[in-house]
Amino acid sequence: MPAEAPPQSASSDLSADARRRMMAALASASPEDLATALNALLPLPAHEMVRAPETGLVMVRGRMGGTGAPFNLGEVTVTRCVVRLENGVAGSSYVMGRSKQKALHAALVDALWQLPDMTGKVEEAIVAPLAARAAAADATVRAETAATKVDFFTMVRGDD
Amino acid sequence: MYVAVKGGEKAIRNAHRLMATKRRGDRSVPGLTLEQIAGQLAIAVARVMGEGSLYDEGLAALAIKQARGDLIEAVFLLRAYRTTLPRFGYSEPVDTGAMLVERRISATFKDLPGGQLLGPTFDYTHRLLDFKLAADGELDAPLTAEVTETAMPRVTDLLSGEGLIEEDVQPEETAAVGDLTREPLSFPAGRDLRLQNLARGDEGFLLALAYSTQRGYGRTHPFAGEIRYGAVEVEFFAEELGFAVPLGRINVTECQMVNQFKGSAKVPPQFTRGYGLVFGQVERKAMSMAMVDRSLRCEELGEERTAPAQDEEFVMSHSDNVQATGFVEHLKLPHYVDFQAELDLVRRMRGEWFDRQAADQAAASEAIGSGPTGTSEKEAAE
């Protein structure tokens, strides 16, 4: 963490994990869904743009054989943003895709989430519904895939 | 040498305008939306993302629309676009073992934890044209079933221990990972660079190479140990935050080829492996990549290098369809000065050739003159 990090920001592994989970929920949402979810926090707090939403590339890596040494697979578009609230708390985002609006919204949510008196509200109004929506979509994929499960059986050939 | 030409601006402008009209087609038919392309031509989109080496469905769909469905042209557009964006860095390696699996099959192990899941596949279809699809009729919703197992260990992880199947080499933490978008290709290339090259290589080229190994040009005895397709989480370590940020998920196909190997001076008999990993559901490419990866490991495994698919310089220098099409298609551009020079050269060579022919003929007839007929002529004269 940078030395000037405000005291409210996550510093322990535990809160870093919680913050990662929160960010994963935001990343999984469509820009529209995130924008809709953000309505629950209106009016949005005053903030300044530390780093305006910027689209760039992250080179995705895989591992040889699945678990071996890393190699470069190909790039993905990513948009990042940093905002600062009036009390100095900074919120950051890195989200896949080119939506500047989504990156800005994710950074705002990240900043609000770090305020002790807001964490609960952000979790309840934004993170939980988005995570539930993503989990439901995953459950559908699993259930549809499960219907295509096959049991092959080998047959002994009737050799004379 | 290529010498530039000037002019033709108006014709070029008009040609591009005509192309835009032809691309649009019959205007009484609704234009394609990017959502339609991304949603209904998903495998074409995946191929363009993979060979364009840029995962972005919207951009790939736009590229396909702009290229009138010419996928190599679309790949070219995507590659050109990526050069306009800054690189934030490298992701953490994706964990395909934690994939949200939509399809997972093994041709070598019948019973595996998590089961064989056919998922959305063309396999076992009869390849008969479906005229109902042309009419775009009612569609049955997919069936669902209770999910009993969610863990999907990789097949290759199930058989570790006995040494029957080669295990992945664990990397040194500090080992640098080659990136051919950053430094030019040089040989010999490590497996990291080979896999990156294959991952963005042309599907048709890799398919043909993989096929050549099956037909005996560097045989590798492959089995499809496992093919899986689904979503994996991408994480990016952000320096300023001090932890790996989840960016979202991408769909990938992973192929583990398992190859019978009779051993060598260096390695005991065992099953060796080839690895394929590609964006989207592009199984043919993932399989071809795994087979070519394995055949390119010939040196490491002490095999004799005899076939094109074992020659990394041949494979890696010709796998990139943007490079290949650039060099082949540039032949369409004006080469007038070039050709004028060649024309002069050929004219001169022809002149010299005819002169030589004439000289040879003259020499021959002179020789004939002193030959047997000549003698008889002489005799006649006498």
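Look up a bit, the structure's there.
In this text, all values refer to a predicted model and were calculated from it rather than measured experimentally.

(A) Quick peek at the interface of chain A and chain B. Listed as interface residues are 51 residues of chain A and, on the opposing side, 66 residues of chain B. Contributions of two or more residues to the side of chain A that touches chain B are made by α1 (13–28), β1 (47–63), β2 (70–85), β3 (90–96), α4 (116–146) and β4 (149–150) of chain A. Broken down by element, the side of chain A that touches chain B gets its largest block of residues, 10 residues, from β2 of chain A. Split into classes, the residues belonging to the side of chain A that touches chain B amount to 26 nonpolar, 15 polar and 10 charged. Where β1 of chain A lies against strand β2 (residues 87–93) of chain B, four bridges are found, and the strand directions are parallel. Following the sheet pairing, V58 of chain A is matched in β2 of chain B by G89 of chain B.

(B) View of the environment of A151 of chain B. All names here are of chain B. You can see A151 is positioned in the loop between α6 (131–134) and α7 (155–158). Counting along the chain gives 54 residues from A151 to G97, while the straight-line C-alpha distance between them is 8.6 Å. Setting aside chain neighbours within four positions, we find A151 in contact with P113 and G114.

(C) Up close: the packing of helix α9 (residues 203–214) of chain B against helix α10 (residues 283–296) of chain B. All names here are of chain B. Where α9 meets α10, the closest approach of the two axes is 8 Å, and the angle between their N-to-C directions is 55 degrees. Comparing the axis directions of α9 and α10 gives the class oblique. Judged by the sense of rotation from one axis to the other, the crossing of α9 with α10 is left-handed. From α9, E203, L206, L207, L209, A210 and T213 reach across to α10, where they touch R284, K285, M287, S288, M289, M291, V292 and S295. Residues that form the contact of α9 with α10 fall into these classes: eight nonpolar, three polar and three charged.

(D) Here's a closer look at the packing of helix α2 (residues 31–38) of chain A against helix α3 (residues 100–113) of chain A. Residue and element names in this part refer to chain A. Where α2 meets α3, the axes come as close as 9 Å, and the angle between the chain directions of the two elements is 40 degrees. Comparing the axis directions of α2 and α3 gives the class oblique. Crossing of α2 over α3 shows left-handed handedness. Taken together, the residues of α3 that come into contact with α2 (itself represented by P31, L34, A35 and L38) are Q101, K102, H105, A106 and V109. A breakdown of the residues in the contact of α2 with α3 according to their chemical character gives six nonpolar, two polar and one charged.

Quick notes on the rules
Positions within a chain are numbered from 1, following the residues in the order the chain's sequence is written. For naming, the first written chain is A and the first written ligand is 1, with later ones following in the order written. The predicted origin of the model limits local features to residues at a pLDDT of at least 70 and limits the giving and counting of side-chain atom pairs to 80 or more, whereas totals for whole chains, interfaces and linings rest on all residues. Residue pairs qualify as contacts under a 7 Å threshold applied to their C-beta atoms, which are placed from the backbone. Secondary structure elements are taken from DSSP: a helix is a run of H or I of four residues or more, a strand is a run of E of two residues or more, and numbering for both begins at the N terminus. In this count, Pro and Cys sit with the nonpolar residues alongside Ala, Val, Leu, Ile, Met, Phe, Trp and Tyr, while Asp, Glu, Lys and Arg are called charged and the others, Gly among them, polar. Note: two strands are recorded as paired if DSSP finds a minimum of 2 bridges between them. A fitted line through C-alpha atoms represents every axis, and for helices the fit uses only the stretch in contact; the resulting angles, taken between N-to-C directions, go from 0 to 180 degrees. Throughout this description, any angle smaller than 35 degrees is read as roughly parallel, any larger than 145 degrees as roughly antiparallel, any in the 65 to 115 degree range as roughly perpendicular, and the remainder as oblique. Crossing handedness: left-handed means the near helix sits turned counterclockwise from the far one by under a right angle, and right-handed means the same turn made clockwise.

In short, geometric facts, not functional conclusions.
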